[in-house]
Amino acid sequence: MTSAQEKCDERELRTLFLFEKLAPDQLAQLCRDGHVEWFDPGPVYREGDPAASLFVLFRGTVVVSRSVGGQQVDVSRTSAPGVYAGAFQAYLGDQVPQVYNNSLRAAERSRFFVLPAEAFAEIMRSWFPMAVHLLEGLFFGFKSAQEAVGQRERLLALGSVTAGLTHELNNPAAAAVRATSALRERIDRVRREFAELAADPRRGGDLAHLRELQDMTIGRIGQASALNPLEASDREDEIGDWLEAHGVADGWELAPVLVEAGLGIDWLDRIAGALPEDLLGRALNWLSCTVEAELLLDEIEDAANRVSALVGAAKQYTQLDRAPYQNADVNELLDSTLLLLSAKIGPSITVVRDYDRTLPGIPGYPAELNQVWTNLIDNAAWAIRSTGADGTLTVRTARDGDRVLVEVRDTGPGVPADVQSRVFDPFFSTKPAGEGTGLGLDISWRIIVNRHGGDLRLESVPGDTRFQVRLPIDPVESDAPQEQP
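Not measured: the values here are computed from a predicted model. (Residues numbered from 1 in each chain as written. Predicted model: local features only at pLDDT ≥ 70, side-chain atom pairs only at ≥ 80, totals over all residues. Heavy atoms only, no water.)

### Regarding the pairing of strand S1 (residues 35-39)
Buried residues dominate S1, accounting for five of its five residues. Both faces of S1 are covered, namely the face carrying His-35, Glu-37 and Phe-39 and the face carrying Val-36 and Trp-38. Where S1 lies against strand S8 (residues 110-116), five bridges are found, and the strand directions are antiparallel. Within S8, the residue paired with Glu-37 across the bridge is Phe-112. (Buried < 20%, exposed > 50% of the residue type's maximum accessible area, 1.4 Å probe, protein only. Helix = DSSP H or I, 4+ residues; strand = E, 2+ residues; numbered from the N terminus. Pairing = 2+ DSSP bridges.)

### Here we look at the pattern of salt bridges
Under the criterion given, the structure shown has eleven salt bridges. Put simply, Asp-9 and Arg-11 hold a salt bridge, and the shortest N to O gap is 3.6 Å. Given a relative accessible area of 29%, Asp-9 falls into the partly exposed group. A salt bridge links Asp-400 to Arg-470; its shortest N-O distance comes to 2.7 Å. With Asp-400 in strand S12 (residues 391-400) and Arg-470 in strand S15 (residues 464-472), this residue pair connects regions lying 70 residues apart in the sequence. Since its relative accessible area comes to 12%, Arg-470 is described here as buried. Through salt bridges with shared partners, one network takes in Arg-396, Glu-407, Arg-409, Asp-464 and Arg-466. (Salt bridge = Lys/Arg side-chain N within 4 Å of Asp/Glu carboxyl O.)

### Some thoughts on the packing of aromatic side chains
All told, the structure shown has seven aromatic pairs when counted by the stated rule. A ring pair is formed by Tyr-45 and Tyr-100, whose centres lie 3.9 Å apart and whose planes are at 15°; its orientation type is stacked. One end of the pair, Tyr-45, is in strand S2 (residues 42-45); the other, Tyr-100, is in the loop between strand S6 (84-86) and strand S7 (103-106), with 55 residues separating them in the sequence. Assessed through its relative accessible area of 6%, Tyr-100 is described here as buried. Taken together, the ring pairs connect Phe-39, Tyr-45, Phe-55, Tyr-100 and Phe-112 into an aromatic cluster. Just above the ring of Phe-58 sits the side chain of Arg-111; from NZ or CZ to the centre is 5.0 Å. One residue, Arg-451, lies across the ring of Tyr-365, its end atom 4.0 Å from the ring centre. (Phe/Tyr/Trp six-rings, centres within 6.5 Å; stacked < 30°, edge-to-face > 60°. Lys NZ or Arg CZ within 6 Å of the ring centre and 35° of its normal.)

Structural data, given as structure tokens:
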């Protein structure tokens, strides 16, 4: 509710810092175009409505707020005469959306000078043409620079993930290559050993029996319980002594293979009891080659599975084969990001996953959320490394009312209290020059707040820094503006 409008007084306008340097005829035009109006406590205008007027405070108290996740968050509160809000970008015309970018409410009965947006735009263009050009250049230049550096930030994040992915892919790929080379040699040995056995025409019955022993051996591989290094060493000594006692040549070379496969003295006794003594050594060499071939096949299969898992994580991270907007499992997104960043995190940092596995899927843009996780996890790892000591990086998920909480915590030095309020500002960075663009957290904030109607906060003391993301489980459509990050 507002009171009746009042006539504008030129002398009163001159008392405000915004108008104190204007000429008498300019003040007169302002009074002709605008008016004075009282507002009772309550809304003056709301964010997102068409920007119809510029409001300049004469007397009272006003609060500026922004919509974050469907809730109004107070940005500033002031009683200073001359403060202004509303359609202050009207002079840009249709180059930008002419809507209120915040909400204004009167905390007490307040008095304003109200100037229609069209009149304000015309006054700016006619009175201050050079200033308007400079302001346009500043506004759009900053916007272009922010977009360009934002693209650079995303490329840096992609480069970081790509480096980690190639490093992680290299390990199983190299293991598969080594195992394949060794497998070829073992298969060649199996053929040679079998050819020597088959060359003796008296061994026909023994060869058929060897086939049965081979099938039995393959079935027992990997069935025994795992041994610790000391137990494995003792088992190798036992098998080596048995082979030496039975006159098997190179028995100490066969022992580690048999132990790795989980074969022991009972298996050797069974083989010895089933074959003639003069055939035992050659048969054990042949069976050992078979065992090694099976172990190498397992190694190749494991390497292939690891490569497949990494490719799956990369697809999960990029979401290339999925719709941009979909229900997403936050835990899966975090796992894919951690896997791709594991090489960059390094062995000196202990990663703890504290997940709530009962969380529901949340609607959103998974590829963009993965960019947020990349920024937060990468920053946390950098903070820990900056201390020069080992540390712990904890990723926690939980339900927080009608929202999903994602917390990235590190044991680094912390963010100084005097700069914590600025960490989400564009181009602000606590990293040394050349190590950060200062847009990672700004982009993350816009993805979480503007794209998903969520909330991103920082809590930090030395040794305990936490970035907390809260995302709505059932977002209201109007609470998720479609501003591109």
